[in-house]
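# Structural features, examined
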Amino acid sequence: MNRRRFVRQTAFAAAACGFPLRAFCESRERSGTSEKNDTPLPAESIRKLASATVGNVITPDSAQYDKARSIFNRAFDRRPAVVVQCAGATDVARALDFAQNHNVPLAVRSGGHSRLGYGICDGGVVIDLSAMKRVEVDPGKQVARAQAGALVRDLDEASQRFGLATTSGGCPTVGIAGLTLGGGEGRLMAKFGAACDNLLSAKVVTVDGRLVDASPTSNPDLFWAIRGGGGNFGVATALEFQLHLVNQVLSGALNYPPGRIPELLHAFVHFIAEAPDEMDAFVQVLQTERGPKLKIDLCYFGDPRTGNDLIRPLRALKPQDDNVKVMSYLEAQAAGGFLLAPVAHFQTNRFLPELSMSAISAIAAAIDRAPAAGRVVIVALRGAISRVSATDTAFALRQPGYEVDIVGTWSASDDKAAAVRWVQTTRDSLQPFARGVYVNQLGDTSEQLVRAAYGPNYARLVEIKKKYDPANQLRLNQNINPDSPANK
């Protein structure tokens, strides 16, 4: 062997309401998420790939294998034949070629947070971008250039050295590439739009091995598609973001005593309707030993005195714990998420244009019967993210409203069935009020759901998929099938 180690990521379709959804386990078996290859890959072919790869090529006989195949959602335990830890775009192109030549499943991973475990596969090839995490900031132009393996915390830390930030999600360990390609909710979205709205350009390796630029002036069709369409069209290796001035913020959480869920949700709806774009707020409703409780996470990007005045009505509701204070943006980002550590879970979502009394009642009833680790997270979509036309980017979730995530976790296998069943039941109870889904947080998959996510953009996405990936090599994702009829 040579020196390289041979060791082994507006408006929505009418179908958004009322369609039947597969159960979690059924979804895994019938969709591409469980696609596998049982035929061993030739050892000589793997040796050639390793010798031509600058990064590491990891196979099951390596001590690094179990770590390399581990992803955030511990519900998925898959065994790829090869994990290619890429050092650059050339490694990505070689791995793409290798997977296609051997006709095996292909997964792409950066942060590894996919709800459906798309960053790993059985018997196939994983393109692992996690070693490609360099971030460069041009403070004069307020621009950041990040390799596709960078995490939210990598982008935030590099940008905050200059008092800058961009919409980058609320969990520090989420991969910035997957977040952005799927749209990208985050604390700054009401003020500055989604992560994809702040994407200026990207480097993309296409399935035929070309490294291309995607920007408003270079391959504009691809640039439109990757701003929300996920990894369906190529493997992004670098992304360029617009940054904004963000320094200290007023942030923290108001935790209320158990009970009063409907009253507190009504108060939240009234609060967020009056809040300026500088105010970010989301709700967690969760089960505790003393009964269901509600927590409001806040982050205000303006004068702290104004922020404190704005949240006075929420404080008047007498939270039992109030840790809202002035802190750095990095501190706020580190403290504001949920599911911060890897855990087995089933999470999915529905988008509700409004939190009506009936929807609030459904949420309150659901949390009453939730298992110990069940929770509902309500994220308000408003402000800048909702002022973009649904067809300006592939990300079509532009109507003001509420993205409602339903989350069940388990540490013991005996608890899995109850957690999954509760998420499914809660999801179905909210379906009558729903008008779409957020593709990044979907724990289900079906063609109907993908159509619902992209609404008026689906037909155009199919055509762009046909151009850049006609054989659907990149199908371990919320897949836009090039053979799908545009209208259905």
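An account of the accompanying structure is given in this report. In this convention, every chain numbers its residues from 1, walking through the sequence in written order. Only residues with pLDDT of 70 or above have their local features reported here, since the model is predicted, and side-chain atom pairs are shown and tallied only from 80 upward, although totals for entire chains, interfaces and linings are computed over all residues. Side-chain calculation: all heavy atoms of the structure are included, whereas hydrogens and water are not.

This part takes up the packing of aromatic side chains. Aromatic ring pairs: the centre-centre distance and the angle between the two ring planes describe each pair. Here a pair means two rings of Phe, Tyr or Trp (six-membered ring of Trp) with centres within 6.5 Å. Their orientation is stacked below 30 degrees between planes, edge-to-face above 60, and tilted elsewhere. Tallied over the full model, the rule gives 3 aromatic pairs. When the centroid spacing of 6.1 Å and the interplanar angle of 55° are considered together, the rings of F301 and Y329 count as tilted. With F301 in the loop between β14 (293-300) and α10 (304-310) and Y329 in helix α12 (residues 329-335), this pair connects stretches of sequence that are 28 residues apart. The two residues F301 and Y329 agree in class, both being buried. Helix numbers and strand numbers start at the N terminus; a helix is a DSSP run of H or I with at least 4 residues, a strand a run of E with at least 2. Three exposure classes are used, based on accessible area relative to the maximum for each residue type with a 1.4 Å probe and protein chains only: buried under 20%, partly exposed in between, and exposed over 50%.

Time to look at the nonpolar core. Core analysis: the biggest nonpolar cluster contains 87 residues, and V82, I127, I226 and F233 have the highest contact counts within it. In terms of residue count, helix α4 (residues 89-101) provides more of this core than any other element does, 6 residues in total. Here, nonpolar core refers to any group of buried Ala, Val, Leu, Ile, Met, Phe, Trp, Tyr and Cys residues whose side-chain atoms link them within 4.5 Å. Among the nonpolar cores identified, the runner-up in size contains 61 residues, and A68, L254, I378 and V404 belong to it.

Here we come to the sheet that holds strand β2 (residues 82-85). Only strands joined by at least two bridges in the DSSP assignment are considered to pair. Spatially, β1-β2-β4-β3 is the arrangement adopted by the 4 strands of the open sheet, whose pairing is mixed. Unpaired on one side and paired on the other, β1 (56-58) and β3 (106-109) mark the two borders of the sheet. Strand-to-strand twist across the sheet, computed as the mean angle between neighbouring axes with direction ignored, equals 20°. Both β2 and strand β4 (residues 125-128) contribute to a ladder of 4 bridges, which runs parallel. Following the sheet pairing, V84 is matched in β4 by I127. The contact criterion used throughout is that any non-hydrogen atoms of two residues lie within 4.5 Å. Simply put, an axis is a line fit to the C-alpha atoms, just over the touching stretch for a helix, and the angle between two N-to-C directions goes from 0 to 180 degrees. In the packing of α4 onto the sheet, contacts are made with β2, β3 and β4, and the angle to β4 comes to roughly 170°.

For the rest of this paragraph, the subject is the sheet that holds strand β9 (residues 211-214). Taken in spatial order, the 5 strands line up as β5-β6-β10-β8-β9 in an open sheet, and their pairing is antiparallel. If you trace the sheet from one side to the other, it starts and ends with β5 (135-138) and β9, each paired once. Between one strand and the next, the sheet's axes are offset by a mean angle of 15°, whatever the strand orientation. Examined bridge by bridge, strand β6 (residues 143-147) and strand β10 (residues 235-242) share 5 bridges and lie antiparallel to one another. Looking at β10, one finds that R145 is bridged to E240. Packing against the sheet, helix α5 (residues 152-160) makes contact with β5, β6 and β10, and its axis sits at approximately 30° to β5.

Moving on, we get to the pairing of strand β19 (residues 401-410). Most of β19 is tucked away: 10 of the 10 residues are buried. As paired elements, strand β17 (residues 344-352) and β19 share 9 bridges and run antiparallel to each other. Bridged to R350 within β19 is V404. Bridge count between strand β18 (residues 375-381) and β19: 7 bridges; the pairing is antiparallel. Among the inter-strand pairings, V377 is bridged to a residue of β19, identified as D405.

All right, on to unusual backbone geometry then. Its identity is not glycine, yet Q142 carries a phi of approximately 55°, on the positive side. With respect to the helices and strands, Q142 occurs in the loop between β5 and β6. On the accessibility criterion, Q142 (24% relative accessible area) is partly exposed. Of note in the backbone geometry, K318 takes a positive phi value of approximately 60° without being a glycine. As for its placement among the helices and strands, K318 is situated in the loop between α11 (312-315) and β15 (321-322).

Let us now look at the environment of Q248. By the secondary structure assignment, Q248 is in the loop between β11 (244-245) and β12 (249-255). Given a relative accessible area of 58%, Q248 falls into the exposed group. Taking the C-alpha atoms as reference points, Q248 and V377, 129 residues apart in sequence, are found 25 Å from one another. Beyond its immediate stretch of four places on either side in the chain, Q248 contacts V326, M327 and S328.

Along the chain, Q347 falls in strand β17. N or O atoms within 3.5 Å of each other form a polar contact, as long as, within protein, one can give a hydrogen and the other can take it, and as long as residues adjacent in sequence are counted only when both atoms are side-chain atoms. Among the polar contacts made by the side chain of Q347, one reaches the side chain of Q441 at a distance of 3.4 Å. In contact with Q347, not counting residues within four places along its chain, are R115, F338, L339, D405, I406, V407, Q441, L442 and G443.

On to the environment of D322, then. Of note, D322 is situated in strand β15. Taking the C-alpha atoms as reference points, D322 and A68, 254 residues apart in sequence, are found 40 Å from one another. When neighbours within four sequence positions are excluded, D322 is seen to be in contact with A253, L254 and R315. Within the local environment of D322, its side chain forms a polar contact with the side chain of R315, the two groups lying 2.6 Å apart.

Attention now goes to the pattern of salt bridges. In the sections that follow, a salt bridge refers to a side-chain nitrogen of Lys or Arg positioned within 4 Å of a carboxyl oxygen of Asp or Glu. Under the defined criterion, the tally for this structure stands at 24 salt bridges. A salt bridge links R69 to D66; its shortest N-O distance comes to 2.9 Å. Here E447 and R451 are joined by a salt bridge, their closest N and O atoms 3.0 Å apart. Here E447 and its partner R451 are both found in helix α15 (residues 447-454), 4 residues apart, which amounts to about one turn of the helix. Taken together, the shared-partner salt bridges in this structure form one network comprising D66, R69 and D77.

The side chains of a regular strand alternate between both faces of the sheet. The buried count for β14 comes to 8 of 8 residues, which makes it a mostly enclosed element. Every second residue of β14 is oriented toward a common face, with K293, K295, D297 and C299 on one face and L294, I296, L298 and Y300 on the other, all of them buried. Where β12 meets β14, 6 bridges bridge the pair, whose relative direction is antiparallel. Paired with L254 across the two strands is I296, which belongs to β14.

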